[in-house]
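What follows is each chain in one-letter form.
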Amino acid sequence: MMLIGIYIAIASLFCILPMVADLLHGFKTKKLWFPCKYFTLNAASLTVIAVAMKLPMDFSNSMPHVVDQAARLGSMAFMCTMMANLLPSLATMDSKELLTNIVALAILVITLLVNVSIQIVTAIFYVAMLLALLMIHTCSALMILKSKEILDHKYKAGHETALKDLELQQPTVEKLKLHVSNHWIMAETGSPQFMIVSSATTSASGVICVSSTLLHGIIMLYTTQHMMDYGSEYKGSVLVILITQFTGVILGTVAPLSRCFAFLSFKVSIKQIWKHIKVFKVESYYTQKLSYWKQSSVPFKFSSRGFKIVIQDLKVFILSFCIGFQKMVVVACNMIALIPIFIVLGILCCLQCWKRLKVMFCASNNVLVEISPQQQHNKALSQYVLLLQDDMELAERKLRSISKYVNQLIQKAEKQQPNSLMKLLEEYSGFEGVGKYDVQQVLPLLEQKYVDCWSLPIVTLTAIAISLPNIQNHMVDRLLRSVSEGLTYVKHVEETLNVTDEYVSSQKVARTLWLEVEVYHKWLGYKLSNPAQQVNTANEIVQWFSDTAKNMLTEVESKNMKGSDDNSVYMSASANSMYRLTQTILVSYHDNIEQVSHEELFVQLSSMISNILAACLTNLPQVIAMKCHTSVIEKREASVQTAAQLLGETMQIVNSLQDRELPSLNLDELPFIDKWRDCLLHLSP
């Protein structure tokens, strides 16, 4: 049994670690309401929690000694702490996940309560607390469903306003910064987790958690005098469980305690305080989902009309009771939530009295207060604040904190500029290379036509360039670094703007091929350092690649008669790209290819790579703007954070590319390389 005790302690430790990780994440991101990122309610966490609760659910062992009883009660306190920590994670789930996890949690808690009620009469306080926390979780789950709809509706209106302020044709870096900042405000204030943390239910759960911790602290003070008084079959492991779970209770109380004061994120006024005091007022979103279910018809067909009436009346009766019970739970939470409000009011009154005393005894000067540019900026940002209740207003310090964080995120990303890529783009100006990588004179070898994505010709051109002998190693390494950095941003463009199946297929081919080229310096199994024996001149190397690609296409085509697979698609698309590129090079040089040196061809290939990268990256402003917006409410924060990171890293690239003259393409044509090629081919003499 001692090994089982160690197993319980390890399970408890696995619950503590993600709670601590959430604490560290909250401090790092300056979100002192500590969102749930690591410790969330799911099948895995419920399984570990069930193991950690083994002691109070153990019928088979009598545990009459002091440490044994303290460990059992400690497990109950630990469960209260974990439930209080898990509450905001409900907001990250959809309706099906919410139902599944709430039912699973209810089964676990009710089983625990029944077992404890039978065995430990002294645990009545913990039983009441756990039951209250379970009701709060259920109440919050019902509130979340409707609250998300309200926030989503407000977000759509804010997004439309933000789009009007942004010129998508050629948005400047400053406008992009403002666009990212506006969407960050919406993502942060409209976060489902921030919404539930700001509610009375979370505040009440925090008060219950703190009460549980204080009670357990009193028990531990008594237990410290009898630390060796244990006699169950768990032996010394029960002491390990007690200490581990007590540590979890102390560390786990920080987040729920901090969330009790989440109302300080909003402006504190007499009107708001009076609103909190009106505890019997229940907002409609707490019961709106239940009311909707009550008014809807039963989703089953019955042959008997009388039976259908009975079922409908029974449903109305049950849901009416649930609505009443929901209101009762919310009112109770409103009452409990007054405790931290009155504590803060007491502190504020003391501070106000101290300030008045200082004014009485110290000389004071009249100071003219002017509206600073920062205040004007905050006022402009306030229109993007999303709150459940229209009569609430976010505190200016909170708005400043949110705005400051995203600005710091952009500034931090600015220090991670892709220097090698920028040098390559600066070295070769213009977009002419986009019209030279593929020409109409090259006849297709395949009946199946592969669409061109941005990355595949870049990778293919790079493979040819690094295969050229007599090129200095540092030039090859610099080209590889530049292309590697460039493909990172090309991927953002392709995943955002080229999302059809045929483009996605070509993008997968390009990524697989780039892995082979960059890591192994191979192209479809052939070493690029020496692709073939007795191949020395630039003409011979290009011709060898062309012939090899042609032979490979013929071979793959014959195999495809028996059925194609992923590997044959990869081989065929890669070989087709190589064939068309090498043939284009041979056609463009005509009979002068024999006189072309390795260095000249390397420069020509580098120029084409640079021009294609530049053309692709002109879409970055559009990508950044699109990444700011996502229809999934749970993913908005991460999406805007990605946009901010991308903006910071590519700020100089965006500025430099805006100085280049774009071809006469529509906005919806700019993301496609074939549109660029066709346009530039018509412009060329």
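Quick note: structure is the one above.
Residues numbered from 1 in each chain as written. Predicted model: local features only at pLDDT ≥ 70, side-chain atom pairs only at ≥ 80, totals over all residues. Heavy atoms only, no water.

1. What about the layout of surface pockets?
And step 1. Looking at the largest pocket, its volume works out to about 770 Å³.
And step 2. Around the largest pocket, the lining comprises 29 residues; the ones closest to its centre are His25, Lys31, Lys37, Glu637 and Gln641.
And step 3. Of all the secondary-structure elements, those providing two or more residues to the lining of the largest pocket are helix H1 (2-28), helix H6 (173-189), helix H7 (192-197), helix H15 (396-414) and helix H24 (636-657).
And step 4. Broken down by element, the lining of the largest pocket gets its largest block of residues, 5 residues, from H24.
And step 5. For the lining of the largest pocket, the class distribution of residues is 11 nonpolar, 10 polar and 8 charged. (1 Å grid on protein atoms, 1.4 Å probe; cavity = no way out; pocket = protein on both sides within 12 Å on 5 of 7 lines; lining within 4 Å. Points joined across faces, edges and corners; volume = space filled by probe spheres on them. Helix = DSSP H or I, 4+ residues; strand = E, 2+ residues; numbered from the N terminus. Nonpolar A, V, L, I, M, F, W, Y, C, P; charged D, E, K, R; others polar.)

2. So, the packing of aromatic side chains
The description of an aromatic ring pair uses the distance of the two centres, along with the angle that the planes make with each other.
And step 1. Here the structure, examined in full by the defined rule, presents 13 aromatic pairs.
And step 2. Ring geometry for Phe321 against Phe325: centres 6.3 Å apart, planes inclined by 20°, an arrangement best described as stacked. Residue Phe321 and its partner Phe325 are located together in helix H13 (residues 305-361), separated by 4 residues, close to a single helical turn.
And step 3. Judged by relative accessible area, which is 32%, Phe325 ranks as partly exposed.
And step 4. Three or more aromatic residues joined by ring pairs form one cluster here, namely Trp523, Tyr526, Trp544 and Phe545.
And step 5. We note Arg636 situated over the ring of Tyr155; from NZ or CZ to the ring centre the distance is 3.6 Å. (Phe/Tyr/Trp six-rings, centres within 6.5 Å; stacked < 30°, edge-to-face > 60°. Buried < 20%, exposed > 50% of the residue type's maximum accessible area, 1.4 Å probe, protein only. Lys NZ or Arg CZ within 6 Å of the ring centre and 35° of its normal.)

3. Focus: empty space enclosed by the protein
Rolled over the atoms, a probe with the dimensions of a water molecule shows which regions are left empty.
And step 1. The tally for this structure, following the rule as stated, stands at 5 cavities of 30 Å³ or more.
And step 2. Reported here for the largest cavity is a volume of approximately 550 Å³.
And step 3. For the largest cavity, the lining is made up of 35 residues, of which Ser198, Ser199, Ala200, His276 and Gln389 are closest to its centre.
And step 4. Every element with two or more residues in the lining of the largest cavity is listed here: helix H5 (124-164), H7, helix H8 (200-223), helix H11 (270-277) and H13.
And step 5. In terms of residue class, the lining of the largest cavity is made up of 22 nonpolar, 8 polar and 5 charged.
And step 6. Estimates place the volume of the second largest cavity at around 90 Å³.
And step 7. Every residue along the wall of the second largest cavity is listed here: Phe263, Phe266, Lys267, Val268, Gln272, Ile273, His276, Ile341, Val344, Leu345, Leu348 and Met392.
And step 8. Of all the secondary structure elements, the ones that give two or more residues to the lining of the second largest cavity are H11 and H13.
And step 9. The dominant element in the lining of the second largest cavity, judged by the number of residues it contributes, is H13, at 4 residues.

4. Looking at a nonpolar patch on the surface
And step 1. Taken together, the side chains of Val268, Ile339, Ile343, Ile347, Leu348 and Leu351 define a hydrophobic patch exposed on the protein surface, amounting to about 510 Å² of accessible area.
And step 2. Assignment of secondary structure puts Ile343 in helix H13. (Patch = residues over 30% accessible without salt bridge, like charges linked within 9 Å, V, L, I, M, F, W, Y side chains within 5 Å. Areas by Shrake-Rupley, 256 points an atom, 1.4 Å probe, with all protein chains shown as cover. Salt bridge = Lys/Arg side-chain N within 4 Å of Asp/Glu carboxyl O.)

5. So, the packing of H6 against H24
And step 1. For the pair H6 and H24, interaxial distance at closest approach is 9 Å and the crossing angle is 170°. Comparing their axes, H24 and H6 come out roughly antiparallel. On H24, the residues that touch Val173, Leu176, Lys177, Val180, His183, Trp184, Ala187 and Glu188 of H6 are Arg636, Glu637, Val640, Gln641, Ala644, Leu647, Met651, Val654 and Asn655.
And step 2. Of the residues assigned to the contact of H6 with H24, the class counts are 10 nonpolar, 3 polar and 4 charged. (Axes fitted to C-alpha atoms, helices over the stretch in contact; angles between N-to-C directions. Parallel < 35°, antiparallel > 145°, perpendicular 65-115°, else oblique. Contact = heavy atoms within 4.5 Å.)

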